[in-house]
Amino acid sequence: MKAIVLRTIGEPETLRLEDVPDPVPTAGQVVVRLRAAALNHRDLFICRGQYAGIRFPTILGSDGVGEIAGVGPGVTGVRPGDAVIINPSLDWGDDLRIEGSEFRILGLPDNGTFAEMVAVPAENVSPCPQGLSAEEAAALPLAGMTAYRAVATRGRVQRGETVLVTGIGGGVATFALLIARHAGARVLVTSGSDAKLERARALGAEGGFNYQTSDWVKAAKAATGGAGPDLIIDGAGGAVFDQAMDALRPGGRVVTYGGTLGPVPELVVRRVFWKQLDIHGTKMGSPEDFRGMLALFGEKGLRPVVDRVFPLAEAGQALAHMAQRSQFGKIALRIA
Ligand SMILES: NC(=O)c1ccc[n+]([C@@H]2O[C@H](COP(=O)([O-])OP(=O)(O)OC[C@H]3O[C@@H](n4cnc5c(N)ncnc54)[C@H](OP(=O)(O)O)[C@@H]3O)[C@@H](O)[C@H]2O)c1
């Protein structure tokens with residue numbers, strides 16, 4: 001089969017499609033012939049050597065949909081030809097609150113979905129949601145599940161609350177907006193681009209603030225009668241995380257799912273205890289989070305936001321597009 005194989009650290013444009021052996025399903029596994037995959041910031045971090053546990057060669061990619069091409073010994077309930085979506089949380093374990101010691105994310109160390117085929121545990125495939133294109137369905141797994149866990153499971157969003165999502169152009173962020181709106185929350189967003197703020201409004205955001213050209217903390221407080229949002233969903237990290245503590249209303253909560261901007265330069269701890277804030281971390285999701293997310297999308301439900309579709313062979317250019325922060329939503333790969 002053909003696959004995008006990471007063999008060295010470097011800029012993503014150097015990635016090439018290669019011929020590699022077809023995966024063979026071991027006990028409990030299935031092989032999926034992929035129709036579409038999608039990118040996550042993780043793939044870019046791995047390419048650039050900014051991720052723990054990198055090993056070579058590795059086939060990148062956590063998101064994918066396709067048809068079952070083969071089943072390993074002991075697999076029941078799935079048949080060749082079934083259309084499936086892959087849950088990239090491998091071996092989450094039994095505790096819904098925290099992953100177990102065997103937990104891995106598909107696409108490092110296990111070979112991932114930027115390929116014509118991938119081998120995954122049979123328990124990680126579900127029927128593909130109806131009513132979505134292959135690229136839309138492929139956009140769902142990692143980012144949709146992360147956003148679902150952030151907003152619903154960890155953030156415990158309530159109808160009528162005000163939720164602020166930072167960096168709305170991001171893949172996870174667009175899902176957080178859709179899921180919070182679906183739960184009946186009022187949603188505010190930030191972005192470095194006015195055009196992205198406009199697109200967020202079209203998806204139901206009530207207000208948007210450009211973090212490059214305005215004081216988003218002040219603007220978020222003004223938009224909430226001076227109090228601040230009830231819940232902030234943040235994947236930017238860096239100084240933005242501390243600003244979120246300033247923006248939140250007393251008794252508010254933040255869910256952090258990422259640190260795109262790196263470490264927090266300074267955290268004013270006084271704000272956290274004086275305002276009695278709750279800080280929640282979140283990672284990927286349990287099988288229950290995956291099911292909860294899937295139930296929201298597809299026929300008569302929500303549609304993910306797909307920014308652009310590239311052919312598999314252009315995965316490197318697709319990652320470069322992500323590196324330029326020019327996307328709004330998910331970047332997908334079409335696999336012939
Ligand atoms: N915890 C987990 O399980 C988990 C799961 C998925 C992702 N993540 C992490 O979450 C982060 C986002 O992932 P992704 O795949 O959604 O990435 P992505 O699609 O590349 O989005 C990154 C976004 O960061 C935003 N951003 C950049 N500078 C910002 C700033 N100063 N203030 C606010 N936002 C800023 C940008 O939004 P604008 O373009 O709108 O300015 C950009 O679109 C990454 O760090 C990733 O590793 C963690």
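The shown structure was predicted, so the numbers you read here are calculated from the model rather than taken from an experiment. (Residues numbered from 1 in each chain as written. Predicted model: local features only at pLDDT ≥ 70, side-chain atom pairs only at ≥ 80, totals over all residues. Heavy atoms only, no water.)

S.K.: What exactly am I supposed to notice about the overall build of the chain here?
M.R.: Helix and strand content of the chain: 10 helices and 18 strands. Computed over C-alpha atoms, the radius of gyration of the chain comes to 20 Å, within 12% of the 20 Å expected from 2.2 N^0.38 for 336 residues, which places it in the range of a compact globule. Projected onto its principal axes, the C-alpha coordinates of the chain cover approximately 60 × 40 × 35 Å. In the chain, buried positions account for 54% of the 336 residues. Considering only residue pairs separated by 6 or more positions, the chain has 71% of its internal contacts joining residues 24 or more positions apart. Total accessible area on the chain is roughly 14400 Å²; 50% of this is exposed by carbon and sulfur atoms. Distance from the positive charge centre (35 side chains) to the negative charge centre (35 side chains) of the chain: 4 Å. (Helix = DSSP H or I, 4+ residues; strand = E, 2+ residues; numbered from the N terminus. Rg over C-alpha atoms; globule rule 2.2 N^0.38 Å. Buried < 20%, exposed > 50% of the residue type's maximum accessible area, 1.4 Å probe, protein only. Contact = heavy atoms within 4.5 Å. Areas by Shrake-Rupley, 256 points an atom, 1.4 Å probe, with all protein chains shown as cover. Lys, Arg positive; Asp, Glu negative; His and termini not counted. Charge placed at Lys NZ, Arg CZ, Asp CG, Glu CD.)

S.K.: Would you mind showing me how to read a nonpolar patch on the surface here?
M.R.: A cluster of nonpolar residues, V264, L267, V269, F273 and W274, forms a patch on the protein surface that exposes about 550 Å² of accessible area. Taking the relative accessible area as the measure of exposure, V264 reaches 34% and is therefore partly exposed. (Patch = residues over 30% accessible without salt bridge, like charges linked within 9 Å, V, L, I, M, F, W, Y side chains within 5 Å. Salt bridge = Lys/Arg side-chain N within 4 Å of Asp/Glu carboxyl O.)

S.K.: Would you mind showing me how to read helix α10 (residues 315-323) here?
M.R.: Counting along an α-helix, one turn takes 3.6 residues, and residues three or four places apart therefore face a common direction. The element α10 is extensively covered by neighbouring structure, given that seven of its nine residues are classed as buried. Taken together, the buried positions of α10 are A315, G316, A318, L319, A320, H321 and M322. A positive backbone phi angle near 55° is found at R325, which sits one or two residues after α10.

S.K.: How should I be thinking about the packing of helix α3 (residues 141-154) against helix α9 (residues 287-296) in this particular structure?
M.R.: To describe two helices that pack against each other, one gives the angle between their axes and the distance between the axes. One way to put it is that α3 packs onto α9 with a least axis distance of 9 Å and a crossing angle of 100°. Classified by the angle their axes make, α3 and α9 are roughly perpendicular. Contact with α3, carried on its side by P141, G144, M145, Y148, R149 and T153, involves D289, F290, G292, M293 and L296 of α9 and no other residues of that element. Looking at the contact of α3 with α9 residue by residue, the class counts come to six nonpolar, three polar and two charged. (Axes fitted to C-alpha atoms, helices over the stretch in contact; angles between N-to-C directions. Parallel < 35°, antiparallel > 145°, perpendicular 65-115°, else oblique. Nonpolar A, V, L, I, M, F, W, Y, C, P; charged D, E, K, R; others polar.)

S.K.: Sorry if this is basic, but what is going on with the nonpolar core here?
M.R.: Nonpolar side chains in soluble globular proteins tend to be buried together. In terms of nonpolar packing, the biggest core is built from 49 residues, with V165, I233 and F297 touching the most fellow members. Among the secondary structure elements, those contributing two or more residues to this core are α2 (134-138), α3, β11 (162-165), α4 (171-182), β12 (186-191), α5 (194-202), β14 (231-234) and α9. Not counting residues up to four positions away in its chain, the partners in contact with V165 are A173, A176, L177, V187, L188, V189, T190 and I233. Grouped together as the second largest cluster of nonpolar side chains are 34 residues, L6, I86, L90 and V118 included. (Core = buried A, V, L, I, M, F, W, Y, C linked by side-chain atoms within 4.5 Å.)

S.K.: Mind showing me how you'd approach the packing of aromatic side chains here?
M.R.: A ring pair, where both rings are aromatic, is described by two values, the distance of the centres and the angle of the planes. What the rule picks out here adds up to two aromatic pairs. Geometrically, the ring pair formed by W92 and F103 is edge-to-face, given 5.6 Å between the ring centres and 80° between the ring planes. Here W92 is found in the loop between β7 (89-90) and β8 (104-105), whereas its partner F103 is found in the loop between β7 and β8, with 11 residues between them in sequence. Accessibility classification places W92 together with F103 in one group, the buried group. Centroid distance F175 to F297: 5.5 Å. Interplanar angle 75°. Geometry classified as edge-to-face. Residue F175 is found in helix α4, and its partner F297 is found in the loop between α9 and β17 (306-311); the two are separated by 122 residues along the sequence. A relative accessible area of 5% places F297 in the buried class. (Phe/Tyr/Trp six-rings, centres within 6.5 Å; stacked < 30°, edge-to-face > 60°.)

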